[in-house]
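# Structural features, examined
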Amino acid sequence: MFPNAFQRPLLGLAIAAALPAAALADDEVVLTPVVVSDRQGQAVPLAPTAGQARAKLARVPGGTNLAEPQQETRLATLRDALDYQPGIIIQDFFGGADQPRLSIRGSGIQSNPVNRGVLLLQDGLPLNEADGSFIIGLLEPRNSAFITARRGANATTPGATTLGGELDFQSMTGADGRGQLRLEGGSFGRQALQAAVGGQGEQLDGRLSVSADNYDGYRHHSGSTRSSVQANTGFRLGDRFENRSYLSWTDLQFDIPTVVPRDRIDSNPRGVMGDGNTAQDKLLNVYSRDPRRAARQLRLANRSQWGDDALRQGFGVYWQNTDDRFNNQTSTTVTDSETVGAQWTLDGKWRQLDYRLALAWSRSDMDRELYATSPKTGQPMQRFGNYALQAENREALAGLGWQFAPDWQLVGEVKWSHVVRDARSRDDGSSLDQSWDYATPKIGLNWTPRPGLRGYANISRSNEAPTYWEIVSGEVSPQNPAGARAELVKLGVQKATTFEIGTEAELLAGRLNGSLTAYYSDVDDELISTTDGYGIRVGTYNYAGGTRHQGIEAGLNGSLPVTASGAIDYRLAWTYSDFRFRGGEFAGNQIAGVPRHLISAELLYRTGDWRFGPNVRWLPQATPTDHANTSSIYQDPYALLGFKVDYRRNKQLSLFLQLDNITDERYASSYAIRNKATAAQPGFLPGNGFSVSAGLGYRF
């Protein structure tokens, strides 16, 4: 299995390794190494440094994040890259290259698997399909120089109107050195490889990255593989024009062990339905039904940017083709989609005013077929749904920043969206055409009394239209696959008004950096997705009684010298989420799906080229897994203790050893969400036990 995972990307590397060098050879420029960590001297707007990105985030009057994956030891999963970021919740699915649950301020947490609620960007252009959905397992953080998050309505992309905001993955470029090799391995058959080549000249740069992952999995039937090729090349004319082209191809495949009853978390955490002799085991036998997902995506994009700080314009286009096969145990959904989009931006400055204008358009054409799954072989049986789906978005943005005093800036922005979700059945000719027009305004205030200290507040509106995973609904009884049926569901837009206040501070000459944000959101028509008694999603509806999301997002990091040659590097992230139903059937109850408290902390002693120390991921309070808040099926609290050793020599050679869940804690990493559930129903995903991983990196 593992050699196959490497075969295609390594072949691609062998074929394409010479491309950046060949392009630069035509320009007759000798390649020179560039410092990898911060890309010193590189001041190109389309490939900013982390420092430039951080300065840009400081002008946003609200909660933001900047993560640098290249500074991490292990990068096996998305959580490795974002674990210590306040306000970003990632709950592992199986701990491999699969589909972890991502949520920012509760947006999209009800989808199962998570496929909406946040706009994902690659180098500033949307990765989501035009209906708002995404496959999170396609992301590759190892090729990202940094990841920025603009939480909630602080998002600046025209199409980012949801309660969750946006995550932007900024690719490494030819300015990041001649090449890189990264090898990782560990418990439960984890193996990973990344190889990259690149170079930079006076006007041209290029980079090619190839990666492959293989994971047998902690639980039975939880293996995964992923192969990825990512390339980009840039062309510059002086300081006023740049053009960049991007290519990415990803092949993702993983088995799904599915959920088990609560008592099996302790009795058999590696087991699946089918390991026992109960009636449920025989009915939901994972080995026979073979739930799995296989997705392939090819993406091309191009961006141009011209002008200077006084007036700068940008234009980008992208195209992606996605082939997705998803067997959820009782039904198989086959989706072939083609998405195309374009985005124009204009930024300018006049006296004390900063202004922004943007237009965006995207369209996805999807063919979606639904099949009943054979309970004996896991293969598709009869087709019970065949749909032609078309999603289109037309979006505009206008923003203005007024520096009305030396320390104060008032920022206003409004986004306008025309959103189309048309669906037609090829079987019976039925159709459901839906469209919405809405405005998403925001007004915020930034106070910066000195460099390194900032306060902010804002009031904003958010809107989220349903995706086709909610609109196209299929229902298959595991006892009667012949009775499978599908329907088109009419849904409304989820809307919210949010109040936010916070601060960021740099103290003790950068040795202590902190952020603190509090928000309160009144949500109307929240999109609620639930699962049936077997842990399989059955439908989505707009909750009529209203909901409330409020929380605190706090982070702390820095480095404190303790001896003449040693220091302590520390990181802490605390995300507090209090999400409740305001009225209706579940009035006053906590909305299932998000832990009330989630704390991640790390403490490393650094001396010379070495760093070592403990870390913890702590969920201190039990979390309801159904909206009725049934006490017998709460997710129990847990604390996962880890330890890492990191060695880095001359910014070239790096080695690491990492221990996770040292105490072999038995816990639920995630769970199925229901309106009302019982302890006997399958509903929990046991988390990984004690594991060891190690890796080597080399940059040249």
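Here the structure is a predicted model, which means the values were calculated and not measured.

### Some words on the packing of aromatic side chains
- Applying the stated rule across the entire model yields 13 aromatic pairs.
- Relative to Phe-94, the ring of Phe-93 has its centre 4.1 Å away and its plane inclined at 35°; by these criteria the two rings are tilted. Like Phe-93, the residue Phe-94 is buried in the burial classification.
- Joined through ring pairs, the aromatic side chains of Tyr-543, Phe-581 and Phe-586 make up one cluster.
- For Arg-368, the ring lying beneath its charged end belongs to Trp-469, and the centroid distance is 4.2 Å.

### Overview of unusual backbone geometry
- Positive phi, normally seen in glycine, also occurs at Arg-351, with a value near 55°.
- In this structure, Arg-351 sits in the loop between β15 (331-350) and β16 (353-373).
- Note on Arg-351: relative accessible area 65%, which makes it exposed.
- Backbone geometry places Leu-508, a non-glycine residue, at a positive phi of 55°.
- Within the secondary structure, Leu-508 sits in the loop between β23 (494-507) and β24 (512-524).

### Brief notes about the sheet that holds strand β5 (residues 125-126)
- Spatial ordering of the open sheet is given by β1-β6-β7-β4-β5, a layout of 5 strands whose pairing is mixed. Strand pairing shows two members of the sheet lacking a second neighbour, β1 (64-67) and β5, which therefore form its edges.

### Some points on the pairing of strand β8 (residues 179-186)
- By the bridge criterion, 8 bridges tie β8 to strand β9 (residues 190-200) in an arrangement that is antiparallel. In the sheet register, Gly-179 faces β9, and the bridge partner there is Val-197.
- In textbook terms, the turn of a hairpin is the stretch between consecutive antiparallel strands, and for β8 and β9 this stretch comprises 3 residues, one of which, Phe-188, has a positive phi near 60°.
- Here β8 pairs with strand β35 (residues 691-699) via 7 bridges, running antiparallel. Looking at β35, one finds that Arg-182 is bridged to Gly-697.

### Some words on the nonpolar core
- Counting residues in hydrophobic clusters, the biggest one holds 20 residues, and the most contacted among them are Leu-82, Ile-88, Leu-120 and Leu-167.
- Among the elements of the structure, α4 (78-82), β6 (144-151) and β7 (165-171) are those that each provide at least two residues to this core.
- Setting aside its immediate chain neighbours within four residues, Leu-120 contacts Leu-102, Leu-125, Pro-126, Leu-127, Asn-128, Phe-134, Leu-139 and Leu-167.
- In terms of nonpolar packing, the next biggest core, distinct from the first, is built from 16 residues, Leu-370, Phe-384, Ile-471 and Ala-484 among them.

### Digging into the side chain of Thr-339
- Structurally, Thr-339 can be placed in strand β15.
- Residue classification places Thr-339 among the buried residues on the basis of a relative accessible area of 0%.
- At 2.5 Å, the side chain of Thr-339 forms a polar contact with the side chain of Ser-364.
- In contact with Thr-339, not counting residues within four places along its chain, are Asn-128, Glu-129, Ala-130, Tyr-318, Trp-319, Gln-320, Arg-363 and Ser-364.

### As for the pattern of salt bridges
- Counted according to the given criterion, the structure contains 52 salt bridges.
- The salt bridge involving Arg-244 is made with Asp-205; its shortest N-O contact spans 2.8 Å. In this pair, Arg-244 is assigned in strand β12 (residues 241-255) and Asp-205 in strand β10 (residues 204-215), connecting sequence segments 39 residues apart.
- You can call Arg-244 buried: its relative accessible area is 1%.
- Judged by relative accessible area, which is 2%, Asp-205 ranks as buried.
- Note that Asp-336 is salt-bridged to Arg-325, the shortest N-O span being 3.3 Å.

The rules behind these values
- Residues numbered from 1 in each chain as written.
- Predicted model: local features only at pLDDT ≥ 70, side-chain atom pairs only at ≥ 80, totals over all residues.
- Heavy atoms only, no water.
- Phe/Tyr/Trp six-rings, centres within 6.5 Å; stacked < 30°, edge-to-face > 60°.
- Buried < 20%, exposed > 50% of the residue type's maximum accessible area, 1.4 Å probe, protein only.
- Lys NZ or Arg CZ within 6 Å of the ring centre and 35° of its normal.
- Helix = DSSP H or I, 4+ residues; strand = E, 2+ residues; numbered from the N terminus.
- Pairing = 2+ DSSP bridges.
- Core = buried A, V, L, I, M, F, W, Y, C linked by side-chain atoms within 4.5 Å.
- Contact = heavy atoms within 4.5 Å.
- Polar contact = N/O pair within 3.5 Å; in protein donor to acceptor, adjacent residues only side chain to side chain.
- Salt bridge = Lys/Arg side-chain N within 4 Å of Asp/Glu carboxyl O.

Honestly, that's just the spatial picture; any functional story needs more than this.
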